[in-house]
Amino acid sequence: MKAVIQRVRSASVMVADEKISEIKTGLLILLGVAAEDADKDIDYLVQKTAGLRIFKDENQKMNLNIKDVDGEALVVSQFTLCADTNKGRRPSFVSAAEPKIAENMYELYCQKLQLFGIPVSKGKFGSMMDVKLINHGPVTIILDSQGMKNNLNKQDNYG
């Protein structure tokens, strides 16, 4: 599971020229679900997202998380994050989860993020969306649950 997280002053999603979601200060989260992802991937990314300290404190240091600044999250599904571009020029999406599974995991990610007390707005799963944002900083962070798996493997091998 991958998340591209952008610290924003504002963000919105439009579907068929109609604004369906909008946030002010917070995080725009583009979420890609891979076929191999499971509940532990969701839990890992939710905890990392909620605790990510990328907002500035009174000393202008990135020391605060989304809750600390009373921020909101806008979560947009984006299967193209699972693209394999190793061969040729056309991306392959065979590693992306099937739509029904991906939608369930996307919804679960949003629900679990709300359990941290973070207001969550959403895009419309499976739709062609126009995403508008003002990236503040700019600050863009990529989270990948594959990193969690690699860390677990290292611990199994070394610790």
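Right, let's walk through the structure included here. (Residues numbered from 1 in each chain as written. Predicted model: local features only at pLDDT ≥ 70, side-chain atom pairs only at ≥ 80, totals over all residues. Heavy atoms only, no water.)

1. What to know about the pairing of strand β1 (residues 2-15)
For step 1, the next point in the chain: Of all the 14 residues making up β1, 11 are buried; the element is thus mostly covered by neighbouring parts of the structure.
For step 2, the next point in the chain: Where β1 meets strand β3 (residues 26-32), seven bridges bridge the pair, whose relative direction is antiparallel. Bridging across to β3, Ala3 finds its partner in Leu31.
For step 3, the next point in the chain: Where β1 and strand β8 (residues 130-144) come together, 11 bridges link them in antiparallel fashion. Its bridge partner lying in β8, Met14 is registered against Asp130. (Buried < 20%, exposed > 50% of the residue type's maximum accessible area, 1.4 Å probe, protein only. Helix = DSSP H or I, 4+ residues; strand = E, 2+ residues; numbered from the N terminus. Pairing = 2+ DSSP bridges.)

2. As for the side chain of Arg7
For step 1, the next point in the chain: Tracing the backbone through its elements, the reader meets Arg7 in strand β1.
For step 2, the next point in the chain: A distance of 2.6 Å separates a polar atom in the side chain of Arg7 from the backbone oxygen of Ile54.
For step 3, the next point in the chain: With sequence-adjacent residues up to four places away left out, Arg7 is seen in contact with Gly26, Leu27, Ile54, Phe55, Lys56, Met62, Ile134, Asn135, His136, Gly137 and Val139. (Polar contact = N/O pair within 3.5 Å; in protein donor to acceptor, adjacent residues only side chain to side chain. Contact = heavy atoms within 4.5 Å.)

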